[in-house]
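# Residue-level structural notes
This is what each chain is made of:
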Amino acid sequence: MSRIVFSSPSTLPQLYSTSRRIVKMSVTQTMNSGVSFRSMAVKPPSHPTYDMKGVIKLALAEDAGDRGDVTCLATIPLDMEVEAHFLAKEDGIVAGISLAEMIFHEVDPSLKVEWSQKDGDHVQKGLQFGKVSGQAHNIVVAERVVLNFMQRMSGIATLTKTMADAAHPACILETRKTAPGLRLVDKWAVLIGGGRNHRMGLFDMVMIKDNHISIAGGIINAIKSVDQYLEQQNLQMEVEVETRTLEEVDEVLRYTSQTKSSLTRIMLDNMVVPLPNGDVDVSMLKDAVEMINGRFETEASGNVTLETVHKIGQTGVSYISSGALTHSVKALDISLKIDTELALRVGRRTKRA
C-alpha cells in the first residue's frame, strides 16, 4: 500500500511502501506530536481507542495523494524559508491551536509556531493571532489541513460559547451528532467553547432512548434490564433514561422510589413546545423538573436554538443538549498568509478584514 509520509524536516514528501497496520491507542498516547498536555489551554477529552495522530496523518495523506503537492514542487525552491501569519477574518472564539501545532510538527518538526492567543480566546476580525516560520514548502503543505481543523473547531467553539452563556445556569452539552472520524476533535472544540461533553460514545454511559424502550417493552423494563446488566458485569457508570411525557417521568420516579436503581439522569425530550409566534412554551419542562425535585440530574433535549436556550435554562434543568453545536456548525473564517499586507488590502476591499 502506498502513501505519502513526511520523513524529516529537510525532505519533501516521498512515497514508500508499507504494510497496513492498525493499532488502537488512547488519545493520551497519541498526543506526543511536539505538544504537551501541560501547554494546552484546554485538554482534549479522553477516549480509549481514538488515535489523534492517525487522524492527522489521514488528513495529510488524503491531501497529498500519491504525488505530493505538485504546485509547491513546481513553484517553491527547496531551500526557501518564509514566515506566515494567521489572520482572523471574523469575530469568534479561536480553537484548534494545539491541534495545529501537532499538524505542523507532523509535517516538519523544525517549523516554529508562535501564538498571541490561546484556545478559547476571543479574536476580532482582522487580528493576526499567530505565525509559523520555516521551510516554505512544508508550511504550504500543512496550511489547508491546519485551517480545515481550526476553522471547524473555532466555529463549534464560537457557537458553544454563545449557547453556554445564554443557557446559564444550566450547562450546555453536545451530542454524538459529530462528523464521522472527528468525534474527539468536535467534542474538544465544545470544551474550548465553554460547554460540557455528553457521553463520548456507546461505551462510557448507558443511555436508554426511545428505541431501547420500545424493544424492551416499556420504560421500567428497560431500566430493570440495565440495572441487572451492570450488576452482572460489575460495572459502574452513569445511566440516563429518555422520557417524553410527564406520565413517563412519574413512572420512573415511582419505580426508583421503591427499587434501588443505577439511574442518574432523566432526559426530558421534546418538552419544549414551539408556538406559532416563534416563541416556545416551557411549562411542561418546568413541571417535569419540579416533579423530579433534584432526585436526579435533568437534561432538556429538542427545540434547542440560540433563540430558545435562555428560556430553557431558566426552568431549573441541569443540562441542555444540542446536536446543532456539531452537526450544523458554520466554520469561522481564518486564513494563513505569507504576504499579510496584500491579504489585508484584499480583505478590506471584500469587507472580510
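These numbers were taken from a predicted model, which means no experiment stands behind them. (Residues numbered from 1 in each chain as written. Predicted model: local features only at pLDDT ≥ 70, side-chain atom pairs only at ≥ 80, totals over all residues. Heavy atoms only, no water.)

## As for the pattern of salt bridges
Two side chains with opposite charge may pair up if their charged atoms get near one another. Tallied over the entire structure, the rule returns 17 salt bridges. When the shortest N-O distance is used, the salt bridge between K161 and D165 registers 3.4 Å. Placement of both K161 and D165 in helix α4 (residues 136-167) is noted, with a separation of 4 residues, approximately one turn of the helix. Residue classification places K161 among the partly exposed residues on the basis of a relative accessible area of 36%. Salt bridges linked by common partners bring E238, E240, R265, E297 and E299 together as one network. (Salt bridge = Lys/Arg side-chain N within 4 Å of Asp/Glu carboxyl O. Helix = DSSP H or I, 4+ residues; strand = E, 2+ residues; numbered from the N terminus. Buried < 20%, exposed > 50% of the residue type's maximum accessible area, 1.4 Å probe, protein only.)

## Some points on the pairing of strand β7 (residues 128-135)
A large share of β7 lies buried, amounting to 6 of its 8 residues. Sheet topology places strand β3 (residues 81-88) next to β7; 7 bridges connect them, and they run antiparallel. What sits directly across from E81, in β7, is Q135. Direction of pairing for strand β5 (residues 112-115) relative to β7: antiparallel, over a ladder of 4 bridges. When the bridges of β7 are listed, E114 appears paired with K131. (Pairing = 2+ DSSP bridges.)

## Some remarks on the sheet that holds β7
Strand order in the open sheet formed by 4 strands is β5-β7-β3-β16, with antiparallel pairing between adjacent strands. In this open sheet, the two strands that pair with only one neighbour each are β5 and β16 (334-337). Taking each pair of neighbouring strands and ignoring which way they run, the sheet shows an average axis angle of 15°. Its contacts with the sheet put helix α3 (residues 97-107) on β3, β5, β7 and β16, and the angle it makes with β5 is roughly 170°. Helix-sheet contacts for α4 involve β3, β5, β7 and β16, and the interaxial angle to β7 is about 150°. (Axes fitted to C-alpha atoms, helices over the stretch in contact; angles between N-to-C directions. Contact = heavy atoms within 4.5 Å.)

## Here we look at the sheet that holds strand β15 (residues 319-321)
Across a sheet, strands are paired by hydrogen bonds formed along the backbone, either parallel or antiparallel in direction. Pairing within the open sheet is parallel, and its 6 strands lie in the order β8-β15-β14-β11-β10-β9. The open sheet has two free edges, formed respectively by β8 (171-173) and β9 (206-208), since each of these has just one partner strand. Neighbour to neighbour, the strand axes of the sheet diverge by 25° on average, direction disregarded. Across 5 bridges, strand β11 (residues 265-269) lies against strand β14 (residues 297-301) in parallel orientation.

## Thoughts on the confidence of the model for the chain
In this model, the chain carries a mean pLDDT of 89, and residues with pLDDT of at least 70 account for 87%. Below a pLDDT of 50 lies the segment residues 1-26, which in the model reaches 51 contacts outside its immediate sequence neighbourhood of four places, other chains included. (pLDDT = per-residue confidence, 0-100.)

## Observations regarding unusual backbone geometry
In this model, H168 is joined to P169 through a cis peptide bond whose omega is 15°. Structurally, P169 is set in the loop between α4 and β8. Of note, the phi angle at N234 is positive, near 55°, even though the residue is not glycine. If you trace the backbone, N234 turns up in the loop between α7 (219-233) and β10 (239-243).

## Quick notes on α3
Counting buried residues in α3 gives 9 out of 11 residues, a clear majority hidden from the surface. Every buried residue of α3 is accounted for by I97, S98, L99, A100, M102, I103, F104, E106 and V107.

## Things to note about the packing of aromatic side chains
Counted by the stated rule, this structure contains 4 aromatic pairs. Where F86 meets W115, the ring centres are 4.8 Å apart and the plane angle is 35°; that geometry is what we call tilted. Pair noted here: F86 is in strand β3 and W115 is in strand β5, with a separation of 29 residues, a long-range link. Comparing F86 with W115 shows no difference in burial state: the two are buried. (Phe/Tyr/Trp six-rings, centres within 6.5 Å; stacked < 30°, edge-to-face > 60°.)

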